[in-house]
Amino acid sequence: MASAPGVSQILNSGSLKQEDVKKVASNYVDFFDESKGFTEKERKENYETVVNSYYDLATDFYEYGWGQSFHFATNYKGEPYKQAIARHEHYLALRLQLQKGDQVLDCGCGVGGPAREIARFSGANVTGINNNAYQVKRAAKHTADQGLTSQVKVIKGNFMAIPDEPSTYDAVYAIEATCHAPDKYGIYSEIFRVLKPGKMFAAYEWCMTDKYDPTNEKHKAIKLGIEEGDGIPDLATTKHVVEVLKEVGFEVLDARDLAHESEVPWYSPLDGSWNLSNIRATRVGRFFTHIMVNVLETLRLAPAGTVRTHDFLIKASESLVEGGKLDVFTPMYSALI
């Protein structure tokens, strides 16, 4: 099985030339700095640059801290972290009623962790689409290492213009990915187009909840912190998601926030002080990783920009936890269409 990147790969910036890390990190952060003239409108117009810059910088940190599935999960008391992640993926497959041989699209597939798990669990053939070349490369390696190349493939492409004919897929799903789209109508329209008539789409969406107040400065800071820390042009509200799904032509069979059904808060892996099954993602793990990258960048053993990259990932973690505690943000607004 392919392993997660080690410290050496992170420090060597597997997705970028070392001399480019500082520039890419600086340009990325500037996209969220309105004092420099960048606005939400410009982030949406340049979403491919925003998202690709983010994942060029963050992918190895993600794999190092989270493994191959870049998402949260509902969690039960005493349930191991990796088991919760797999169950969250299995639940989606069951809701879609996937069968052996089904042709399924994973919209925004990361390095393919969920695609491989869902393919093994259901017997379906899963195609992942991802616009980040480095993640596509990592996905191909993991898939080959796990012997799943006959069942899972990942293509490089823009999910705002899916390179498939209409009515291609028996099912489509998106796990915490379509938040990167510049507009919901565009992404949901594409999904509607490539889905066979009468078939289903299921998603876990990152959303601001109905408790979010756009006039509340704390709420606004949390929203911007999540957007900057996670490469998102603009987070939609749960209400907007449902409205656009219906506008596109979907019949919304179910839409609810699974965060309210989790015995253990979804943000616990980020907030916990000690978690042996996922220590690198916890506050303790982030603290020691930050010390490490600071020292190594100072000694020029890590490229300039590594610390700045880790800084915005820490900001993301803190904003996610705050948003979860105030219930103004959810990473698992579950829609079945």
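Residues numbered from 1 in each chain as written. Predicted model: local features only at pLDDT ≥ 70, side-chain atom pairs only at ≥ 80, totals over all residues. Heavy atoms only, no water.

Caption draft 1: Looking closely at the side chain of Glu205. Assignment of secondary structure puts Glu205 in strand β5 (residues 195-208). A polar atom in the side chain of Glu205 sits 2.4 Å from the side chain of Thr178. If we ignore the near neighbours within four places in the chain, the residues touching Glu205 are Thr178, Cys179, Lys184, Tyr188, Val241, Thr330, Pro331, Met332 and Tyr333. (Helix = DSSP H or I, 4+ residues; strand = E, 2+ residues; numbered from the N terminus. Polar contact = N/O pair within 3.5 Å; in protein donor to acceptor, adjacent residues only side chain to side chain. Contact = heavy atoms within 4.5 Å.)

Caption draft 2: Expanded view of the pairing of strand β4 (residues 169-175). The element β4 is extensively covered by neighbouring structure, given that seven of its seven residues are classed as buried. In terms of strand pairing, strand β1 (residues 103-107) meets β4 through three bridges, oriented parallel. Among the inter-strand pairings, Leu105 is bridged to a residue of β4, identified as Val172. As paired strands, β4 and β5 are joined by six bridges and run parallel to one another. (Buried < 20%, exposed > 50% of the residue type's maximum accessible area, 1.4 Å probe, protein only. Pairing = 2+ DSSP bridges.)

Caption draft 3: Broad picture of helix α6 (residues 113-122). By the criterion of burial, α6 is predominantly enclosed, with eight of the ten residues buried. Listed as buried for α6 are Gly113, Pro114, Ala115, Arg116, Glu117, Ile118, Ala119 and Ser122. On its buried face, α6 is in contact with α5 (81-95), β1, β2 (125-130), α7 (133-145), β3 (152-156) and β4. Positive phi shows up at Gly123, right after α6, with a value of about 85°.

Caption draft 4: Local environment of the sheet that holds β3. Reading across from one edge, β3-β2-β1-β4-β5-β7-β6 is the order of the seven strands in this open sheet, with mixed pairing throughout. Looking at which strands have only one partner, the edges of the open sheet turn out to be β3 and β6 (254-257). Recorded for the sheet is a direction-independent mean angle of 15° between the axes of neighbouring strands. Where β5 and strand β7 (residues 329-336) come together, six bridges link them in antiparallel fashion. Residue Met208 lies in a different strand from β7, and its bridge partner there is Phe329. Running at roughly 145° to β5, α5 makes contact with β4, β5, β6 and β7 of the sheet. (Axes fitted to C-alpha atoms, helices over the stretch in contact; angles between N-to-C directions.)

Caption draft 5: Up close: the nonpolar core. Core analysis: the biggest nonpolar cluster contains 43 residues, and Tyr173 and Trp206 have the highest contact counts within it. Counting residues per element, the ones that place at least two in this core are α5, α6, β4, β5, α9 (217-230), α13 (306-326) and β7. When sequence neighbours within four positions are dropped, the list of residues in contact with Trp206 reads Phe72, Glu176, Cys179, Ile226, Asp230, Ile232, Leu235, Ala236, Leu320, Phe329, Thr330 and Pro331. Judged by nonpolar contacts, the second largest core, of 28 residues, contains Met160, Ala181, Phe250 and Ile337. (Core = buried A, V, L, I, M, F, W, Y, C linked by side-chain atoms within 4.5 Å.)

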